[in-house]
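Below, each chain spelled out in residue letters.
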Amino acid sequence: MGKVYYVSKNVGLGMLVLAVAALATIIALSIAYDKERAKNRGKPGDEATDSTSMPPPPTTPFIPKEPWDHYRLPDSLVPLSYNVTLWPRLEPDARGMFVFTGHSAVVFRCVKETDLIIIHSNKLNLTTFYGHHAKLTGLGKATVPTIQKSWLVVKTEYLVLQLHSRLAVGSLYLLYTEFLGELADDLQGFYRSEYIEDGVKKVVATSQMQATYARKTFPCFDEPAMKAVFNVIIIHDRATVALSNVQPKIKSTLDSVIDGVPVSVTTFEPTERMSTYLLAFIVSDFVKIQSTQNNSLLVRIWARRKAIADRQGDYALSVTGPILQFYEHYYNATYPLSKSDQIALPDFNAGAMENWGLITYRETALLYDPMLSSTGNKERVTTVISHELAHMWFGNLVTLQWWNDLWLNEGFASYVEYLGADYAEPTWNIKDQIILSDVHKVFAVDALASSHPLSRREEEVNNPAEISEMFNTISYSKVRSSDRISYLNTFAFNNTVYTDLWDHLQKAVENTPGMHIPHTVHNIMNHWTLQMGFPVVTIDTRTGSITQKHFLLDPDSVVDRPSQFNYTWFVPIKWMKTGVEQQQYWLLQKTGMAIVTSHCSSVLDQHTREEKTSYHMSGLDQMRVSGEDWVLANTNVSGYFRVNYDLYNWDRLLSLLSTNHQALSIINRAQIIDDTFNLARAKIISTTLALRTTKYLSKERDYIPWDSALRNLDYYILMFDRTEVYGALQAYLKKQIQPLFEHFKTITANWTKVPTKHTDQYNQINAVGYACGMGVEGCRELIKSWYRQWMENPHHNPIHPNLKSTVYCSAIAFGGVEEWDFAWRMFKNATLASEASRLRAAMSCTKAPWLLNRYLEYTLDPTKIRKQDATSTIQYVARNIVGMPLAWNFVRARWGYIFQQYGKGSFSFSNLINGITKRFSSEFELQELKKFKEENLHVGFGSATLALEQAIEKTTANIKWVTENKAHVLKWFTEESK
């Protein structure tokens, strides 16, 4: 799935890859999607709790006693096929509700004797037959037991049928249900999306089944391992088109009249064997553009009529073909289906969803206007398409067994999305951005004591909220993977667990001459996937010693989760000495000798599956240097660990940055900055040492090091922008950013041209944004003049799309109600989703509290702010120093309502907690956070439960860090800004 704004680890296979030529690197990002509720139900309340709908907290923990008390299905029944008919009503009924009706017949095999049928069903009104919720028949010679009783279990979302006698092992049965459900606007299951076109409100029936919402559409065995074939019929208005995972049968859309209503009935071909979470059903009056690939594969882009007429789908169509061709070559397997539909939806909570053959997107992730969209918009379209298409093989063809191994799907797709995007747009050098987009991002989360291992035990991931929690940065941004061809062929149309991948990697190692690793793939990878976190490797160049330890951002935090490996990793270290690449080392213990992998012989013991290897030990004196020589480890961030050195080596590296920074690669310059800032927060090195890495930036012109520095300095801004430190910090940053601002002013001929390089366009955005924020002369006047020109002539926007986000935000921050109201009008009239998104974010930049409070209230009204955008808009306000306390008060006062609307099963709901608490750094704020937790235990936190614990942990660490570093930071910035 794609991320909203927005798996081994980068480490494990990553390391293995360095020693194993067959492995392909996989690093990624974090997903997100939010869950929301129907417009037809209730009004926003002002209270933090909702006593009518939320039960009091149980006095004792719930202990499952019966089979239907467990969130996991019993293993007694296996589905084979479904016949599903759905009829969504795109007009409200007499009660003002939008509904859908349907019926389903699932054929299943009994594999263990049982007198219970347990199948998922949630929020469906089921028709009763002779007092029971379903009809059961036997197939072939099977004798069918009669139903004794049936009932619905709300907590575990089941329909349960108790039979008078047992089902026979090996026999086939058919369970038939009829149902009515609400076509709500809650963005989950079968739901509705609304939009205005030419002054007319239009309704779309669409779907989002991942992770646990297919059961909200029809009764089903709603677990990823329960694959089946689906035969789908959709009844719909004659003026609309119906889409699903596969093509309609030839001449299968027939006009009919049902219950006096003229309709069309579309019958689809049977699907491949697939999981319920990948199903998709859509009814709309959208139109398409299409192309046919060389292998007769039909590729189509669907969207609103105006969007297609404005050619906003053209770019997506142009890159889809090349990316599919790349993956067919990469996987050595043809695309598994006969068509590839991609559709842009006005209301969609995630960035995108990899439904097999019918990928759904948020409009900002699929639509692009070359005249109005930015370079960033274009890159987002490319990478999200690439990510979702990667899933057509890895995730859909071969599927995870259970959600605890989500990283197996998302980690792989999140890495190869860069490969596919790089193939489609080779001049972007997009693979270099992995360091910023993923490695640094996952480092920040995985350095917490409250992190989790890449692969959890199945019993740790059960209910929908726990499943939603797995869709996070850890799952998306830590992985490497390989031997893809054998792996895909072996498990095609089936399910898999992560150990199957290690088996195939081990075969690749054994079958590759000259390839040697110090342990089996299982042993190496288990160290990375079965324990959380990552190491910091410390190299003392005075002695040549190397050590490793678990890196924690707060060294005083307590790690409660035990590790069978005692938080020790098998670490492959690529390194260089004074600019010359050296032989790779494997660090296998906390302290001790490293192993040179290129000088060893290895024989695999067929009984223990462990290598019996003879290694040539290399004395660590190779890493002992003196004079002007220096050591740099983890070259190009090839491994998943941070690096620390003795002070003498740090001094030599900083001297090199000051005198000849281009002697180090762009990626390693970014790495040095990011490592030092995080080592300083962990009290491993001094804060002033980290700050010294930014002194050379006045000479730096490349994007990746600058962005790494600005992301880390943002922490200082968040911690100190309410204190006396901020003045000195602002003066220092102004001094460092001004040469970059002047550089771009020159190469763009006074802002009249666009930089040629892809990354230079991004760096220009940084230069302008921070120059204005830090008070560089001429910047604010420039911004205000561009925005004023637009206000005077709304039909002609003089601001280049690349700079719109920065200009809009700054102009609204510098302005007042006139600038804000103009942005609101432009937002409401925007026909391009990415333009609306920019304006929505920019309106949170105002410094007027009353405007921010009014904007927060707008998030409760879906006619003003779409439900899919509500929580991110609150986060935008919280990012504003004026808006942060307003957003915090707003969320606390309405937690019960917000949680009901967005929190129970949402993937990105945790971002709300993270976004609001980023600045928290005082004891008062920590106590408020703890009080908020206590006061809302009876309401719950859903998928934000872990995020709340991490917010408390981060706030505690922030308090200590500020207390210990404030005086030093103030002194350093004051001296260096002179």
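Here the structure is a predicted model, which is why all the values come from computation and not from measurement.

Calculation rules
Residues numbered from 1 in each chain as written. Predicted model: local features only at pLDDT ≥ 70, side-chain atom pairs only at ≥ 80, totals over all residues. Heavy atoms only, no water. Helix = DSSP H or I, 4+ residues; strand = E, 2+ residues; numbered from the N terminus. Areas by Shrake-Rupley, 256 points an atom, 1.4 Å probe, with all protein chains shown as cover. Axes fitted to C-alpha atoms, helices over the stretch in contact; angles between N-to-C directions. Parallel < 35°, antiparallel > 145°, perpendicular 65-115°, else oblique. Left-handed = near helix turned anticlockwise from the far one by under 90°. Contact = heavy atoms within 4.5 Å. Disulfide = S-S within 2.5 Å. Buried < 20%, exposed > 50% of the residue type's maximum accessible area, 1.4 Å probe, protein only. Salt bridge = Lys/Arg side-chain N within 4 Å of Asp/Glu carboxyl O. UniProt positions renumbered as here; feature names shortened; annotations may be inferred. Pairing = 2+ DSSP bridges. Core = buried A, V, L, I, M, F, W, Y, C linked by side-chain atoms within 4.5 Å. Phe/Tyr/Trp six-rings, centres within 6.5 Å; stacked < 30°, edge-to-face > 60°. Lys NZ or Arg CZ within 6 Å of the ring centre and 35° of its normal.

Q: Mind showing me how you'd approach the overall build of the protein here?
A: Each helix and strand in the protein was counted, giving 28 helices and 34 strands. If you sum the accessible surface of the protein, you get close to 35,700 Å²; carbon and sulfur atoms cover 52% of it.

Q: Honestly, the packing of helix 18 (residues 779-792) against helix 20 (residues 817-829) in this entry has me stumped. Any pointers?
A: The packing of two helices is summarised by the inter-axis angle and the distance between the axes. Interaxial distance between helix 18 and helix 20 falls to 11 Å at its minimum, and their mutual angle equals 60°. Here helix 20 runs oblique to helix 18, going by the angle between their axes. For the pair helix 18 and helix 20, the sense of crossing is left-handed. On helix 20, the residues that touch Tyr 787, Arg 788, Trp 790 and Met 791 of helix 18 are Glu 818, Glu 819, Phe 822, Ala 823 and Met 826.

Q: Looking at this structure, I do not really get the state of the cysteines. What am I missing?
A: When the sulfur atoms of two cysteines share a covalent bond, that bond is a disulfide. Enumeration over the complete set of coordinates arrives at two disulfides. Linked covalently through their sulfurs, Cys 809 and Cys 845 form a disulfide whose S-S length is 2.0 Å. Judged by the torsion about the S-S bond (-100°), the Cys 809/Cys 845 disulfide is left-handed. Of this pair, Cys 809 sits in helix 19 (residues 804-814) while Cys 845 is found in the loop between helix 21 (833-842) and helix 22 (849-858), placing the two residues 36 residues apart along the sequence. For Cys 809, a relative accessible area of 25% puts it in the partly exposed group. The exposure class assigned to Cys 845 is buried, which follows from its relative accessible area of 11%. Counting only the cysteines that take part in disulfides, in the order they occur along the protein, gives the pairing 1-2, 3-4.

Q: What's the story with the pattern of salt bridges in this structure? I'm lost.
A: Two side chains with opposite charge may pair up if their charged atoms get near one another. Here the structure, examined in full by the defined rule, presents 49 salt bridges. Between Arg 166 and Glu 113 there is a salt bridge, and its shortest N-O distance comes to 3.9 Å. Taken together, the residues Arg 166 in strand 8 (residues 158-167) and Glu 113 in the loop between strand 3 (99-110) and strand 4 (114-120) connect sequence positions 53 residues apart. You can call Glu 113 exposed: its relative accessible area is 53%. Among the ionic pairs, Lys 867 bridges to Asp 185, the shortest N-O distance being 3.5 Å. With a gap of 682 residues between them, Lys 867 in helix 23 (residues 867-879) and Asp 185 in the loop between strand 9 (172-182) and strand 10 (189-197) connect regions that are remote in the sequence.

Q: What is the right way to read the UniProt feature "binding site: Zn(2+)" (unreviewed entry) in the protein from this model?
A: In the UniProt entry, the feature "binding site: Zn(2+)" (unreviewed entry) is given for His 387, His 391 and Glu 410. On the basis of their most widely separated C-alpha atoms, the annotated residues across 24 residues gather in one place, lying no more than 8.8 Å apart. For His 391, the location among the structural elements is in helix 4 (residues 375-391). Tracing the backbone through its elements, the reader meets Glu 410 in helix 5 (residues 406-424).

Q: So what exactly am I meant to see when it comes to the side chain of Asn 958 here?
A: Along the chain, Asn 958 falls in helix 28 (residues 945-976). The residues touching Asn 958, leaving out its near neighbours within four places in the chain, are Arg 681, Tyr 715, Met 719, Lys 918, Phe 920 and Ser 921.

Q: Would you take a moment to explain the pairing of strand 21 (residues 358-362) for this structure?
A: On a regular strand, one side chain projects to one face of the sheet and the next to the other, so that they alternate. Here strand 21 lies mainly inside the structure; five of its five residues are buried. By the bridge criterion, five bridges tie strand 19 (residues 339-345) to strand 21 in an arrangement that is parallel. Across the sheet, Gln 342 pairs through a bridge with Ile 359, a residue of strand 21. Bridge analysis of strand 20 (residues 352-353) against strand 21 gives two bridges, and the strand direction is antiparallel. Counterpart to Ala 352 in the pairing with strand 21 is Tyr 361. Linking strand 20 back to strand 21 in an antiparallel pair, the connection comprises four residues, with Gly 357 at a positive phi of about 85°.

Q: Please explain the nonpolar core as it appears in this structure.
A: When a protein is soluble and globular, its nonpolar side chains tend to lie buried together. Grouped together as the largest cluster of nonpolar side chains are 152 residues, with contacts concentrated most on Ile 573, Tyr 645, Tyr 716, Tyr 787, Trp 895 and Phe 973. Those residues in contact with Tyr 716, other than ones at most four positions away along the chain, are Phe 677, Thr 687, Leu 691, Asp 721, Leu 729, Trp 961, Val 969 and Phe 973. Membership of the second largest hydrophobic core comes to 122 residues, among which are Met 209, Ala 242, Ala 303 and Tyr 331.

Q: For this particular structure, what's the right way to read the sheet that holds strand 7 (residues 147-153)?
A: Paired through their backbone hydrogen bonds, the strands of a sheet run either parallel or antiparallel. One open sheet holds the three strands; their spatial order is 4-8-7, and the pairing between them is antiparallel. Strands at the two margins of the open sheet, each flanked by one partner only, are strand 4 and strand 7. Neighbour to neighbour, the strand axes of the sheet diverge by 20° on average, direction disregarded. For strand 7 and strand 8, the ladder comprises six bridges, and the chain directions are antiparallel. Note on strand 8: the bridge partner recorded for Ile 147 is Leu 163.

Q: What should I look at first to understand the sheet that holds strand 25 (residues 535-540) in this one?
A: The sheet built from three strands is open, its strands ordered 26-25-34 with mixed pairing. In the strand order of this sheet, the two ends are held by strand 26 (545-550) and strand 34 (642-645), each with one partner. Across the sheet, the mean angle from the axis of one strand to that of its neighbour is 25°, orientation sign disregarded. In the sheet, strand 25 pairs with strand 34 via four bridges, with the strands oriented parallel. Bridge pairing in strand 34 links Val 537 to Val 643.

Q: Even after reading the chapter, I still don't get the packing of aromatic side chains, so can you show me in this structure?
A: Given two aromatic rings, their pairing is described by the distance between the two centres and the angle made by the two planes. Following the criterion strictly, the structure yields 53 aromatic pairs and no others. Seen from their ring centres, Tyr 567 and Trp 569 are 6.2 Å apart, and the 45° between their planes marks the pair as tilted. Accessibility expressed as a relative area gives 0% for Trp 569, which makes it buried. Ring plane angle 70° and centroid distance 5.1 Å describe the contact between Tyr 732 and Trp 972, whose orientation is recorded as edge-to-face. Of this pair, Tyr 732 sits in helix 16 (residues 725-747) while Trp 972 sits in helix 28; the two residues are 240 residues apart in sequence, bridging distant segments of the chain. Neither residue differs from the other here; Tyr 732 and Trp 972 are each classed as buried. One aromatic cluster is present, built from ring pairs that chain together Phe 677, Tyr 715, Tyr 716, Phe 720, Tyr 732, Trp 961, Trp 972 and Phe 973. Arg 642 extends its terminal NZ or CZ atom over the ring of Phe 551, reaching a point 5.7 Å from the ring centre. In this structure, Arg 681 packs its charged tip against the face of Tyr 715, placed 3.6 Å from the ring centre.

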